[in-house]
Amino acid sequence: MTSTTRLTVAQALVRFLAAQYTERDGARRRLIGAVWGIFGHGNVAGIGQALVEHSTVPAGGTHPVMPFHQGRNEQAMVHAAVGYARQCGRLSTHAVTTSIGPGATNLVTGAALATVNHLPVLLLPGDVFAARPADPVLQQLEVPFAGDVSVNDCLRPVSRYFDRITRPEALIPAALQAMRVLTDPVDTGAVTLALPQDVQAEAYDWPGEFFAERTWTVRRQAPDAGELARAAAAVRAARRPLVVAGGGVHHSRAEEALAAFASATGIPVASTQAGKGSLRWDHPQDVGGIGHTGTATADDLARTADLVIGVGTRYTDFTTASGTLFAAPDVRFLNLNVAPYDGHKLAGLPLIADARAGLEALAGALPAHRHRAEPAYVTEYTDGKERWEHRVDTAYEAEDADVRPTQPQVLGVLDELVTEDDILINAAGSLPGDLHKLWRARSRDQYHVEYGYSCMGYEIPAAIGVRMAAPDRPVWALVGDGTYLMMPTEIVTAVQEGVAIKVVVLQNHGYASIGGLSESVGGERYGTAYRRLAADRTYTGVPLPVDLAANAASLGMRVLRAGTVRDLRAALAEARAADTPTCVYVETETADTVSGAPPAQAWWDVPVAETATRPSAVKAREEYDRHVAARRRHL
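A brief structural summary. No experiment lies behind these values; they were computed from the predicted model shown.

### Side note on the sheet that holds strand β3 (residues 27–30)
Taken in spatial order, the 3 strands line up as β3-β2-β11 in an open sheet, and their pairing is mixed. Every interior strand has two partners, whereas the edge strands, β3 and β11 (214–217), have only one. Taken pair by pair, the neighbouring strands of this sheet meet at an average axis angle of 30°, ignoring direction.

Written out as structure tokens, the structure reads:
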């Protein structure tokens, strides 16, 4: 007879999670490394009580069964878990528990970010009573036409798997399905198990096998022989091939395979935001970022490529310049992707496989003596790469060290300081564009820009998660003032837990990126500046007297203020050496008065008003119509 253990649903879930592992390439690690939580009436007596029993160090032990981290904002807790998962190569992640109501709905943005970026995170929101003894309960949203709906249903469209555990025994199949999805290279993303507060505290006799250690193998799917043969033939026939490296290269740990493939064939490699760092910046075949925020070198090659080899990319609008970038009449696409959905995009020739396995197989099908990029083509992109690096040097250079730096000059000073150990995190604003064009990535995981969902507020909590996964490496969160004001709360968590992140706050008095976009599409920067209201109700008065450095200090962070390039160089060096959470605050100069980053090298579709009376919008519409005419569908 099978032995059983009587536990609450919450206790059983925590014990189950502690016994789950992943394995890839012979390396085994724990799947759920910790639980983040903010407690309320919907989870405090269930998951909260279970964590009390499992998150403290047992007598005679050195580590808790399930570590716990206290958060300040539910969305931020998801960001921290996602940052941890990305740094762990999707082989380990964190869980997040919340109460019902606003605690649960605050998860939605973080869940969408995780799912868009194919990064695993386990969400455990509390839910209303399954037995409905009191209806409605505090924070319950009543739906007159459906008694089985709660606010947690908001998480359905942003989750790769969703289940509501209305009976104790339902946890067993749901928990196993949750682990399957978290460890599936194709399906992974946010996984939600909604937990009614009464069911969390209900006891059940659990079979012992439920708590046995399980190892979930993360597959490396090999390519189909027929698809591989067709892919190799397409590469051999190409005269101007270009690789577009996406985030799948990093998820697969395929960087070495890509470097070997590029070196053997001489094919240049451009990278998406998620794929940047797939090759070191100084690799001969690396031509930088591609698309709207890409380099002139990569975008010029893309316009004349006859074969685009996408490796682990979703081909977002920033990558394709909204369908205008790949302009050669005979251009074709070869898509190496573990997900069939992405492998068939742009009417491409699919090569459905793990990125590393697929690259190794494709390289084996292309012996060097049978295929090599033509010398003239190699000379063309090598010269283009050299010209672009001169533009980077120009943007980084600060002739006068005693003046306020531009944003690119901030990156230039940081570029002088870092080594391949440093990790840079960013997500939104104008920084992603500058970083994609200018940053010289020195290692496969140095460049951590979340641009699938481009979520303001991601950077600081994600930096905490990354530092937890890489405790011996310098981790930098780069944020503008708009992003900082979205979510600085997890600074308290970093201070509380001694997570020595480095936060660089760039003060430019508003939503600078959207301000520039607004100006380009006829919006005249309306509502994008952090300034006092003028008499005409526009935000054109003096800058607001907001002191973000004082705010960071009030949350417990050590703050270094930098007024000039010289100050900045000293402050960043001091912050890098610090073993406590440290903030560098710098007010940046605008590109209107000092040389800034190179402009966009490719278009991005933001529709402009078709009718307008203001000259700026009329002119912007004329420019828009010109670009739209160049769009094509690849069939």
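### Section: the pattern of salt bridges
Under the defined criterion, the tally for this structure stands at 36 salt bridges. When the shortest N-O distance is used, the salt bridge between arginine 626 and glutamate 623 registers 2.5 Å. In this pair, arginine 626 and glutamate 623 both sit in helix α24 (residues 615–628), 3 residues apart, roughly one turn of the helix. Several salt bridges share partner residues, and in doing so they unite Asp25, Arg220, Asp354, Arg356 and Glu360 into one network.

### Focus on helix α15 (residues 375–396)
Under the 1.5 Å per step criterion, the end-to-end length of α15 is 32 Å for 22 residues, consistent within 8% with the ideal 32 Å. Looking at the buried side of α15, the elements it contacts are β12 (241–245), β14 (286–289), α11 (296–304), α16 (407–417) and α17 (431–438).

### Some words on the packing of aromatic side chains
Going through the model one piece at a time under the given rule, you end up with 12 aromatic pairs. Pairing tryptophan 206 with phenylalanine 210 gives two aromatic rings, centres 5.7 Å apart and planes at 20°, and the pair type is stacked. Across the pair, exposure class does not vary: tryptophan 206 and phenylalanine 210 are buried alike. Put simply, the rings of Phe16, Tyr204, Trp206, Phe210 and Phe211 pair up and form one aromatic cluster. The lysine or arginine in question, arginine 28, covers the ring of tyrosine 21, its NZ or CZ lying 3.9 Å from the ring centre. The side chain of lysine 276 reaches across the aromatic face of tyrosine 447, ending 5.5 Å from its centre.

### Digging into the nonpolar core
One finds Val96, Val121, Leu123 and Ile501 to be the most contacted residues of the largest nonpolar core, which totals 47 residues. Valine 96 has contacts with Trp36, Met77, Val78, Ala81, Leu107, Val121, Leu122, Leu123 and Leu124, leaving out every residue within four places of it along the chain. Counting residues in hydrophobic clusters, the runner-up holds 36 residues, among them Val9, Val14, Leu122 and Phe211.

### Re the packing of α16 against helix α23 (residues 565–577)
Viewed as axis vectors pointing N to C, α16 and α23 meet at an angle of 45°, and their least axial separation amounts to 10 Å. Considering their axes alone, α16 and α23 lie oblique with respect to each other. Considering the relative orientation of α16 and α23, their crossing is right-handed. In this structure, α16 uses Gln409, Val410, Val413, Leu414, Glu416 and Leu417 to contact α23, whose residues at the interface are Val565, Leu568, Arg569, Leu572, Ala573 and Arg576.

### Brief notes about α23
For α23, which comprises 13 residues, the first-to-last C-alpha distance of 19 Å matches the rise-based estimate of 18 Å (1.5 Å per residue) to within 8%. Taken residue by residue, α23 has Val565, Leu568, Ala571, Leu572 and Ala575 as its buried positions. An end-on view of α23 places all buried positions within 115° of arc, on one side of the element. Where α23 is buried, its residues meet α16, β20 (475–480), β21 (502–507), β22 (558–562) and β23 (582–587).

### Concerning the sheet that holds β12
Here we have 6 strands laid out as an open sheet, ordered β14-β13-β12-β15-β16-β17, and parallel in their pairing. Of all the strands in the sheet, the pair left with one neighbour each is β14 and β17 (349–352). Within this sheet the neighbouring strands show an average axis-to-axis angle of 20°, counted without direction. Strands β15 (307–311), β16 (332–337) and β17 of the sheet are contacted by helix α8 (residues 225–237), whose axis makes an angle of about 130° with β17.

### Let's talk about the environment of phenylalanine 16
The residue phenylalanine 16 is located in helix α1 (residues 9–17) in this model. Judged by its relative accessible area of 0%, phenylalanine 16 falls in the buried class. Separated by 160 residues in the primary sequence, phenylalanine 16 and leucine 176 have C-alpha atoms spaced 9.6 Å apart.

### Comments concerning the state of the cysteines
Here is the idea: a disulfide is a covalent bond, and it sits between the sulfur atoms of two cysteines. The tally for this structure, following the rule as stated, stands at 0 disulfides. Not engaged in a disulfide, the cysteine cysteine 455 finds its nearest cysteine sulfur in cysteine 154; these two sulfurs lie 16 Å apart. Residue cysteine 455 is classed as buried on the basis of its relative accessible area, which comes to 7%. Distance from the sulfur of cysteine 583, which forms no disulfide, to the nearest cysteine sulfur (cysteine 455) is 20 Å.

Thresholds, definitions, all that
- Residues numbered from 1 in each chain as written.
- Predicted model: local features only at pLDDT ≥ 70, side-chain atom pairs only at ≥ 80, totals over all residues.
- Heavy atoms only, no water.
- Pairing = 2+ DSSP bridges.
- Helix = DSSP H or I, 4+ residues; strand = E, 2+ residues; numbered from the N terminus.
- Axes fitted to C-alpha atoms, helices over the stretch in contact; angles between N-to-C directions.
- Salt bridge = Lys/Arg side-chain N within 4 Å of Asp/Glu carboxyl O.
- Expected span 1.5 Å × (residues − 1).
- Contact = heavy atoms within 4.5 Å.
- Phe/Tyr/Trp six-rings, centres within 6.5 Å; stacked < 30°, edge-to-face > 60°.
- Buried < 20%, exposed > 50% of the residue type's maximum accessible area, 1.4 Å probe, protein only.
- Lys NZ or Arg CZ within 6 Å of the ring centre and 35° of its normal.
- Core = buried A, V, L, I, M, F, W, Y, C linked by side-chain atoms within 4.5 Å.
- Parallel < 35°, antiparallel > 145°, perpendicular 65-115°, else oblique.
- Left-handed = near helix turned anticlockwise from the far one by under 90°.
- Arc of directions from axis to C-beta.
- Disulfide = S-S within 2.5 Å.

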